[in-house]
Amino acid sequence: MSSYGSSPAASSGSRTNGLAIAGLVCGIVGVFFAGVILGPLAIVFGAVGLRQAPVKGGGMAKAGVVLGIIDLIIFVVLISLAASHGGFSWYVGS
């Protein structure tokens, strides 16, 4: 018999690592927005999630590390393309 206010799914033994989820989310969002900030965060969260994951688990943590590395690669490629085409120009005003 379950106690009041708890569901059977919430009391199961299988729990997902929060740091692995954070790494995965940072990696996915970093591909589209602020990869230079979210990429390293995804790598750190994913690496810590891998250490905390059981032997069989850790898929989300590995994906977070890989996506964090991809975020940084995309950032370096975009910066090098901008630098090879005359750098950055900011147009403000009329």
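Note that the structure is a prediction, hence the values are computed from the model and not measured.

## Focus on the side chain of Asn-17
Tracing the backbone through its elements, the reader meets Asn-17 in the segment before α1 (18-32). Side-chain polar atoms of Asn-17 contact the backbone nitrogen of Leu-19, separated by 3.1 Å. Separated by 3.1 Å, the side chain of Asn-17 and the backbone oxygen of Gly-49 make a polar contact. Apart from residues lying up to four places away in sequence, Asn-17 is in contact with Gly-49, Gln-52 and Ala-53.

## Observations concerning α1
Given a rise of 1.5 Å per residue, 15 residues ought to cover 21 Å, and the 22 Å separating the end C-alpha atoms of α1 matches this to within 8%. Burial in α1 covers these residues: Ala-20, Gly-23, Cys-26, Gly-27 and Gly-30. All buried residues of α1 project into a common sector of 130 degrees when viewed along the axis, lining one side. Residues of α1 that are buried sit in contact with α2 (35-52) and α3 (59-84). Between the side-chain oxygen at the start of α1 and the backbone nitrogen of Leu-19 there is a gap of 3.1 Å, and the oxygen is on Asn-17. Positive backbone phi, at 55 degrees, marks Ala-34, one or two positions downstream of α1.

What counts and how
Residues numbered from 1 in each chain as written. Predicted model: local features only at pLDDT ≥ 70, side-chain atom pairs only at ≥ 80, totals over all residues. Heavy atoms only, no water. Helix = DSSP H or I, 4+ residues; strand = E, 2+ residues; numbered from the N terminus. Polar contact = N/O pair within 3.5 Å; in protein donor to acceptor, adjacent residues only side chain to side chain. Contact = heavy atoms within 4.5 Å. Expected span 1.5 Å × (residues − 1). Buried < 20%, exposed > 50% of the residue type's maximum accessible area, 1.4 Å probe, protein only. Arc of directions from axis to C-beta.

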